[in-house]
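Examination of the molecular architecture
Spelled out from the first residue to the last, the chains are:
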Amino acid sequence: MRHPNALIAAAAALMLAGCARQTAPTYDLVIANGRVIDPESGLDAVRSVGIRGGTIEVVSATPLAGARVIDAARHVVAPGFIDLHEHGQQEESYRMMVRDGVTSAFELEVGTGDVAGWYKAHEGGQIVNYGVSIGHIPARMKVLGDPGHGLLPAGIGGSGSATDAQMAAMEAILREGLAQGAVAMGFGSAYTPGAPMSEIERMFRVAGAGGVSAHIHMRGGLAGLRETIAAARSAGTSLHIVHVNSSAGTELEAFLTAITAARDAGQDVTTEAYPYGAGMTEIQSALFDDWATWPDERFGLHQLVSTGERLTRATFGKARAAGGTVIIHGRSEDQTRAAIASPLSMIASDGFIEHGRGHPRTSGTFAKVLGKYVRDESVITLIDALRRMTLEPARRLERRVPAMRAKGRIRGGADADLTIFDPATVIDRATYEDAGIPSAGIPYVVVGGQLVVDGGQVTAARPGRAVRAPIRPAAAPVS
Ligand SMILES: [Zn+2]
């Protein structure tokens, strides 16, 4: 017979186990009672989201217990925004973007010439998740020996023509970048006027063979778009036209029609837009090579980012010699609205800010769409806006990057990247004169299960991780 004390102990243990089974699990973080919107499933209902580790474990209609519970009543709980076009890949830009609801930021248009080095430089945790493309522009600058120090060619890398051997060297850089886990391939034919479409198509073939999408800032208006789509089709690559609003200008309707026709014919072509009437780029880029021939009034559409000053014929030349970035005004509000209204346009910022100077799209793109174009002007619906900020950019990358299948969604098993905003107050506040004013109405942002914005303030957490395609040994050269 067992000792009575042992029986009592066994009975107590059973009771404790019974209690533990009846107690609800405690999550690390619970976002309670918010209007949870998941564009993939169509869920749009008041729910509580239970998060453990970096993962959403449950989306529940009944209350959940958590070590921290955030009351999200009267707020929307959305998948964190995924920005496919963000040049500002440093702490200062991340701080602005996360206040605008962005949880994953990708530099895909220009990209980098050194994918392994780029990821290494970002190791150790960032505010948001980050990823990069291997870029034709930097590869071309390197092979042709461009003198520029910025993102873009300032001379021969843009305007020069490449020999067959130089193009083979570019292809080798692009293949190496893919082997190192680049998430896409970047192109800027507008910035490389020396590269004929045959060179672009040759590089598109590398993208097609690698199974990555080609993200291009194209040149040449509607005819250029048709050539670019044809080159991508013949090269067998997926194509993403960056900022259709600025590349199309007054031809937006025809652009969208051409993209739709390609899609209807079975070609994988997507696009994006940012909600501003002005663009921004480097003043030494090839876009301004013909500046001496401009009429006088055109100079005033250009605003120097470093000072906010509008330029003249006299000051433009000096500013170009000195280098830096310039904001280019000129598109109408109707054009911007039409670009945002199209269901084809993903929302992407094309942002960049440094020392407080930059374009307001860095800080305000997503809040401006939600506040101005969804709430105030009813240009698009809330769920459609969120689809184009979350699910669609995730889908653009997920064939190449399986990790993206767990982003852009709110469901059990998805990554806990969430943006919690007040649909009644969300709005951009950054201006062309001061791009460093964060958006309002986004009190909480979660990256990898951790609060990176808490009560409207950026926290000390740095849970942002690399988003990268599987790394492969470089293919042996074919002899
Ligand atoms: Zn860009």
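Our subject is the structure that appears above.
The structure contained in this document is the topic of the report that follows. Everything quoted here is computed from the prediction, not taken from an experiment. For every chain, the first residue of its written sequence is number 1, and the numbers climb from 1 along that sequence. Totals for whole chains, interfaces and linings use every residue, but because this is a predicted model, local features are given only for residues with pLDDT of at least 70 and side-chain atom pairs only at 80 or more, for both listing and counting. The side-chain quantities take in all heavy atoms of the structure and omit both hydrogens and water.

1. Thoughts on the overall build of the protein
Threshold: We count a stretch as a helix when DSSP gives it H or I for four or more residues in a row; a strand needs E for two or more, and each element gets its number in order from the N terminus. Two things to know: the radius of gyration comes from C-alpha atoms, and the globule rule equals 2.2 Å times the number of residues to the power 0.38. Burial classes follow relative accessibility: with a 1.4 Å probe on protein chains only, a residue under 20% of its type's maximum area counts as buried, one over 50% as exposed, and anything between as partly exposed. What makes two residues a contact is simply this: any of their non-hydrogen atoms within 4.5 Å. For every accessible area listed, the method is Shrake-Rupley and the probe measures 1.4 Å; residues are considered covered only by the protein chains on display. Charge assignment: positive for Lys and Arg, negative for Asp and Glu; neither His nor the chain ends contribute. Charge positions come from single atoms, namely NZ of Lys, CZ of Arg, CG of Asp or CD of Glu.
The helix and strand inventory of the protein stands at 15 helices and 22 strands. For a compact globule of 479 residues, the expected C-alpha radius of gyration is about 23 Å, and the protein comes in at 24 Å, within 12% of that figure. Counting all 479 residues of the protein, 56% fall into the buried class. Put simply, of all contacts in the protein between residues at least 6 apart along the chain, 71% involve residues at least 24 apart. As presented, the protein carries roughly 18,800 Å² of accessible surface, and 56% of it is formed by carbon and sulfur atoms. Taking the average place of the 46 positive charges on the side chains of the protein and the average place of its 49 negative ones, the gap between the two points comes to 5 Å.

2. Re the coordination of the zinc ion
As a reminder of what qualifies: In this listing, donors mean N, O and S atoms no farther than 2.8 Å from the metal, or 3.2 Å for Na, K and Ca; water is missing from the atoms, so a site can look incomplete. In short, tetrahedral needs four donors with all angles between 85 and 135 degrees, square planar needs four and octahedral six donors with opposite donors over 155 degrees apart and all other angles between 65 and 115, and whatever is left is irregular.
Protein coordination at the zinc ion comes from His-85 (NE2), His-87 (NE2), Glu-109 (OE) and Asp-350 (OD), with a distance range of 2.0 to 2.4 Å. One can describe the donor arrangement at the zinc ion as irregular, given that its four donor atoms subtend angles of 82 to 167 degrees at the metal. We note that the donor set of the zinc ion lies within a single chain, spaced as H-x1-H-x21-E-x240-D. Given the relative accessible area of 0%, His-85 is considered buried. You can call His-87 buried: its relative accessible area is 13%.

3. Quick word on the nonpolar core
To keep it simple, the criterion reads: To define a nonpolar core, start from buried Ala, Val, Leu, Ile, Met, Phe, Trp, Tyr and Cys residues and group those joined through side-chain atoms within 4.5 Å.
Of all hydrophobic cores here, the largest spans 94 residues; its most connected members are Phe-204, Leu-370, Leu-386 and Phe-421. Excluding its chain neighbours within four sequence positions, the residues that come into contact with Leu-370 are Phe-81, Arg-375, Leu-382, Ala-385, Leu-386, Met-389, Phe-421 and Val-426.

4. A closer look at the side chain of Arg-409
As a reminder of what qualifies: Definition of a polar contact: a pair of N or O atoms within 3.5 Å, with one able to donate and the other able to accept a hydrogen when the atoms are protein atoms, and with sequence-neighbouring residues admitted only if both atoms are side-chain atoms.
The residue Arg-409 is located in the loop between helix H15 (382-398) and strand S19 (418-421) in this model. Among the polar contacts made by the side chain of Arg-409, one reaches the side chain of Glu-398 at a distance of 3.1 Å. A polar side-chain atom of Arg-409 sits 3.2 Å from the main-chain carbonyl oxygen of Met-404. With near-sequence residues (within four places) excluded, Arg-409 lies in contact with Asp-38, Glu-40, Ile-56, Pro-79, Leu-391, Ala-394, Arg-395, Glu-398, Met-404 and Ala-414.

5. What to know about the packing of aromatic side chains
Defined as follows: Aromatic contacts are taken between Phe, Tyr and Trp rings whose centres are within 6.5 Å, Trp giving its six-membered ring; a plane angle under 30 degrees counts as stacked, one over 60 as edge-to-face, and the others as tilted.
A complete count under the given rule lists 14 aromatic pairs for this structure. Geometrically, the ring pair formed by Phe-81 and Phe-421 is tilted, given 6.5 Å between the ring centres and 55 degrees between the ring planes. With Phe-81 in strand S6 (residues 81-83) and Phe-421 in strand S19, this pair connects stretches of sequence that are 340 residues apart. Given a relative accessible area of 0%, Phe-81 falls into the buried group. A residue is classified by how much of its surface remains accessible, and Phe-421, at 1% relative accessible area, is buried. Taken together, a centroid distance of 6.0 Å and an interplanar angle of 55 degrees make the contact between Trp-118 and Tyr-130 tilted.

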